[in-house]
Amino acid sequence: MEWGYSNYISGPSPDALDGVTAVSMGSMDAMALKDGGVLVWGDNNFGQTEVPPAAASGVSAIAAGWAHELALKNGGVLAWGNDWYGQTDVPDEAKSGVVAISTSAMHSLALKAGGRVVSWGLRSDVPAAATSGVTAVSAGGDHSLALKNGGVLAWGSDNFGQSEVPADAQSGVTAISAGHQHSLALKDGRVIAWGRNDNHQAEVPDAALSDVVAIDAGWTFNLALKSNGDIVGWGSNDQMESDPLSNGICGPLQAVSAGDRFSVVLKADPSAPC
């Protein structure tokens with residue numbers, strides 16, 4: 001199920017109406033994982049909806065960026081679509097031993113089995129602290145987040161404080177998500193947010209301060225999934241992107257993904273009434 005800005009995306013793809021196990025919202029397109037194969041729908045100016053044969057089976061994770069896509073298969077990263085900054089030029093070290101992937105705008109991240117972060121595209125720098133022991137990664141607009149020993153590491157652009165990790169997010173964190181110019185962390189079931197706040201995206205509502213099990217930061221808004229399958233949205237809302245209920249979207253949901261004024265969620269029974 002999806003809602004928000006529709007100039008680029010109209011769907012979901014008919015193939016994505018059942019059997020999907022993961023979703024990822026990009027800036028101009030949406031991805032889904034079904035039976036180990038990748039589905040992409042939306043804008044195709046950069047060939048991003050043309051799934052390569054290698055990504056038609058055996059894929060274990062997906063990540064959608066700004067008109068480019070990533071897929072993880074047998075520990076190696078596959079990439080296609082927009083390559084303005086080399087974000088689909090997968091480096092050799094990300095072709096094996098990878099356990100997680102992330103992308104958002106113009107750079108891509110891979111997490112190696114040993115806890116080392118690999119970055120390529122517009123931003124390829126990785127601090128020494130992120131070369132071992134990392135358990136999760138998230139790529140933002142021009143900054144990156146990593147989770148290590150329960151604390152958040154952040155580097156890259158910091159013009160809105162998005163890379164200045166607050167004290168509360170330096171321990172006990174279980175999940176991270178980087179937006180375009182803001183950041184999120186999940187700790188003890190509550191969301192912590194910092195960085196750009198022009199659309200109130202760094203002001204966590206009361207509903208996201210308890211019982212949250214998953215988070216995803218879009219460009220200027222956020223989605224949080226509660227333990228009961230409910231969804232909480234906040235931030236920019238000019239396309240109703242952070243107001244799922246007004247779009248007829250309600251729980252119980254299984255996964256959420258926020259993009260650029262567009263959202264996609266995974267619901268066991270899309271026909272269930274709100």
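Here, the structure is the one placed above.
Residues numbered from 1 in each chain as written. Predicted model: local features only at pLDDT ≥ 70, side-chain atom pairs only at ≥ 80, totals over all residues. Heavy atoms only, no water.

**Student:** What is the right way to look at the side chain of Ser 24 in this model?
**Tutor:** With respect to the helices and strands, the residue Ser 24 is situated in strand E2 (residues 20–25). From its side chain, Ser 24 meets the backbone nitrogen of Ala 64 in a polar contact 2.9 Å long. Each residue touching Ser 24, except ones within four places of it in the same chain, is listed here: Ala 30, Met 31, Ile 62, Ala 63, Ala 64, Ser 257 and Val 264. (Helix = DSSP H or I, 4+ residues; strand = E, 2+ residues; numbered from the N terminus. Polar contact = N/O pair within 3.5 Å; in protein donor to acceptor, adjacent residues only side chain to side chain. Contact = heavy atoms within 4.5 Å.)

**Student:** What am I meant to see in a nonpolar patch on the surface here?
**Tutor:** A contiguous nonpolar patch, built from Trp 84, Tyr 85 and Leu 122 and spanning about 340 Å² of accessible area, is present on the exposed surface. Its location among the elements puts Tyr 85 in the loop between strand E7 (76–81) and strand E8 (98–103). (Patch = residues over 30% accessible without salt bridge, like charges linked within 9 Å, V, L, I, M, F, W, Y side chains within 5 Å. Areas by Shrake-Rupley, 256 points an atom, 1.4 Å probe, with all protein chains shown as cover. Salt bridge = Lys/Arg side-chain N within 4 Å of Asp/Glu carboxyl O.)

**Student:** Explain the sheet that holds strand E18 (residues 221–226) here, please?
**Tutor:** On the basis of which strands lie adjacent, the open sheet formed by three strands has the order E17-E18-E19 and antiparallel pairing. The sheet is open, and its two borders are formed by strand E17 (212–217) and strand E19 (231–235), each paired with just one other strand. Here the strands of the sheet are splayed against their neighbours by 20 degrees on average, with no regard to which way each runs. Note: E18 against E19, five bridges, orientation antiparallel. Paired with Asn 222 across the strands is Trp 234, a residue of E19. (Pairing = 2+ DSSP bridges. Axes fitted to C-alpha atoms, helices over the stretch in contact; angles between N-to-C directions.)

**Student:** Explain the environment of Met 28 here, please?
**Tutor:** Note on placement: Met 28 falls in the loop between E2 and strand E3 (29–34). Given the relative accessible area of 4%, Met 28 is considered buried. For the pair formed by Met 28 and Asn 199, sequence separation is 171 residues and the distance between their alpha carbons is 21 Å. (Buried < 20%, exposed > 50% of the residue type's maximum accessible area, 1.4 Å probe, protein only.)

**Student:** Can you help me understand the pairing of strand E16 (residues 190–195) in this one?
**Tutor:** On a regular strand, one side chain projects to one face of the sheet and the next to the other, so that they alternate. The sheet contact formed by strand E15 (residues 182–187) and E16 spans six bridges and is antiparallel. Residue Ser 183 lies in a different strand from E16, and its bridge partner there is Trp 194. Two successive antiparallel strands, E15 and E16, enclose a turn made up of two residues, where Asp 188 displays a positive phi of approximately 50 degrees.

**Student:** Help me understand the packing of aromatic side chains, please; the structure alone is not making it clear to me.
**Tutor:** Here a ring pair, both rings aromatic, is described through the centre-centre distance and the interplanar angle of the planes. What the rule picks out here adds up to three aromatic pairs. Relative to Trp 84, the ring of Phe 46 has its centre 5.3 Å away and its plane inclined at 85 degrees; by these criteria the two rings are edge-to-face. You can see Phe 46 sitting in the loop between strand E4 (37–42) and strand E5 (59–64) and its partner Trp 84 sitting in the loop between E7 and E8, a full 38 residues away along the chain. For Trp 84, a relative accessible area of 53% gives the class exposed. Following the ring pairs from residue to residue traces out a cluster consisting of Phe 46, Trp 66 and Trp 84. (Phe/Tyr/Trp six-rings, centres within 6.5 Å; stacked < 30°, edge-to-face > 60°.)

**Student:** Just to check I follow, could you spell out the sheet that holds E3 for this structure?
**Tutor:** Where strands meet in a sheet, backbone hydrogen bonds hold them as pairs that are either parallel or antiparallel. With respect to topology, three strands assemble into an open sheet ordered E2-E3-E4, the strand pairing being antiparallel. Bordering the open sheet on either side are E2 and E4, each of which pairs with just one other strand. Direction aside, the axes of adjacent strands within the sheet are offset by 20 degrees on average. Where E3 and E4 come together, six bridges link them in antiparallel fashion. Each residue of the ladder has a partner; that of Leu 33, found in E4, is Val 38.

**Student:** Just to check I follow, could you spell out the environment of Ile 176 for this structure?
**Tutor:** Considering the arrangement of structural elements, one finds Ile 176 in strand E14 (residues 173–178). In this structure Ile 176 comes out as buried when scored by relative accessible area, which is 10%. Sequence spacing of Ile 176 and Arg 123 is 53 residues, and the spatial spacing of their C-alpha atoms is 19 Å. Apart from the residues within four sequence positions on either side, Ile 176 is in contact with Ala 136, Val 137, Ser 138, Leu 145, Ala 146, Leu 147, Val 152, Leu 184, Ala 185 and Ile 215.

**Student:** Explain the pairing of strand E6 (residues 68–73) here, please?
**Tutor:** Counting buried positions over the six residues of E6 gives five, a clear majority of the element. Looking at chain direction, E5 and E6 are connected through five bridges and run antiparallel. Note that in E6 the partner of Ala 61 across the bridge is Leu 72. Connecting E5 to the next strand, E6, in antiparallel fashion are three residues, including Ala 67 with a positive phi near 65 degrees. Here E6 pairs with E7 via six bridges, running antiparallel. Within E7, the residue paired with Glu 69 across the bridge is Trp 80. Following E6, the chain reverses through two residues before pairing antiparallel with E7; Asn 74 in that reversal takes a positive phi of roughly 50 degrees.

**Student:** Just to check I follow, could you spell out unusual backbone geometry for this structure?
**Tutor:** In terms of backbone geometry, most residues other than glycine have negative phi values and most peptide bonds are trans. The backbone of Asn 74 sits at a positive phi, close to 50 degrees, despite the residue not being glycine. Structurally, Asn 74 can be placed in the loop between E6 and E7. Here Asn 74 falls in the exposed class, since its relative accessible area comes to 71%.

Keep in mind that these numbers describe shape and distance, not what the molecule does.
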